[in-house]
Amino acid sequence: MNPSPAHAELIATFNRAEADAAHKFGLIKAAEKKGPKAIQTAIETAAKAAKRRDSFAKKLGVLGVSLKD
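Bear in mind the structure is a predicted one, so any value in this text is a computation, not a measurement. (Residues numbered from 1 in each chain as written. Predicted model: local features only at pLDDT ≥ 70, side-chain atom pairs only at ≥ 80, totals over all residues. Heavy atoms only, no water.)

Visitor: What's the story with the overall build of the protein chain in this structure? I'm lost.
Guide: Across its full length, the protein chain carries 2 helices and 0 strands. Computed over its C-alpha atoms, the radius of gyration of the protein chain comes to 15 Å, more than 25% above the 11 Å expected for a compact globule of 69 residues. With respect to the three principal axes, the spread of C-alpha positions in the protein chain is 50 × 20 × 15 Å. In the protein chain, buried positions account for 23% of the 69 residues. Taking as baseline every contact in the protein chain between residues at least 6 positions apart, the subset at least 24 positions apart corresponds to 63%. Split by element, the accessible area of the protein chain, about 5,200 Å² in all, is 59% carbon and sulfur. Where the 13 positive side-chain charges of the protein chain centre and where its 7 negative ones centre are 6 Å apart. (Helix = DSSP H or I, 4+ residues; strand = E, 2+ residues; numbered from the N terminus. Rg over C-alpha atoms; globule rule 2.2 N^0.38 Å. Buried < 20%, exposed > 50% of the residue type's maximum accessible area, 1.4 Å probe, protein only. Contact = heavy atoms within 4.5 Å. Areas by Shrake-Rupley, 256 points an atom, 1.4 Å probe, with all protein chains shown as cover. Lys, Arg positive; Asp, Glu negative; His and termini not counted. Charge placed at Lys NZ, Arg CZ, Asp CG, Glu CD.)

Right, dumping it as structure tokens:
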């Protein structure tokens, strides 16, 4: 079954948010060398990205779109 265009757009947005969250979590490792304030900022940014990703996943779940392969 092909997803509707609205579903496809939401899935694409979710995939971008998922990639962004993964990238932000990777930045925490890079911030280790810059000190505790940089680490805290990276953690907060990664948490926001994860929250955004989870929000899109929830919207897709409500529409009945499974993200599991």
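Visitor: Can you walk me through helix H2 (residues 36-62) in this structure?
Guide: One turn of an α-helix holds 3.6 residues; hence residues three or four places apart share an orientation. Its 27 residues give H2 an end-to-end C-alpha distance of 39 Å, which sits within 8% of 39 Å, the value for a rise of 1.5 Å per residue. Every buried residue belonging to H2 is among Ala42, Ala46, Ala49, Ala50, Phe56 and Leu60, and all of these are buried. Contacts from the buried residues of H2 go to helix H1 (5-31). Once H2 finishes, Gly64 follows within two positions and takes phi at roughly 85°, a positive value. (Expected span 1.5 Å × (residues − 1).)

Visitor: Just to check I follow, could you spell out the pattern of salt bridges for this structure?
Guide: Where charged atoms from two side chains of opposite charge come close, those side chains can pair. Scanning the entire structure with this criterion turns up 4 salt bridges. Where Lys29 meets Glu32, a salt bridge forms, and the shortest distance between an N and an O atom there is 3.9 Å. The exposure class of Glu32 is partly exposed, given its relative accessible area of 46%. Residue Asp54 pairs with Arg53 through a salt bridge whose shortest N-O separation is 3.1 Å. Take Asp54: its relative accessible area is 41%, and that puts it in the partly exposed class. According to the relative accessible area criterion, Arg53 is partly exposed, its value standing at 23%. (Salt bridge = Lys/Arg side-chain N within 4 Å of Asp/Glu carboxyl O.)

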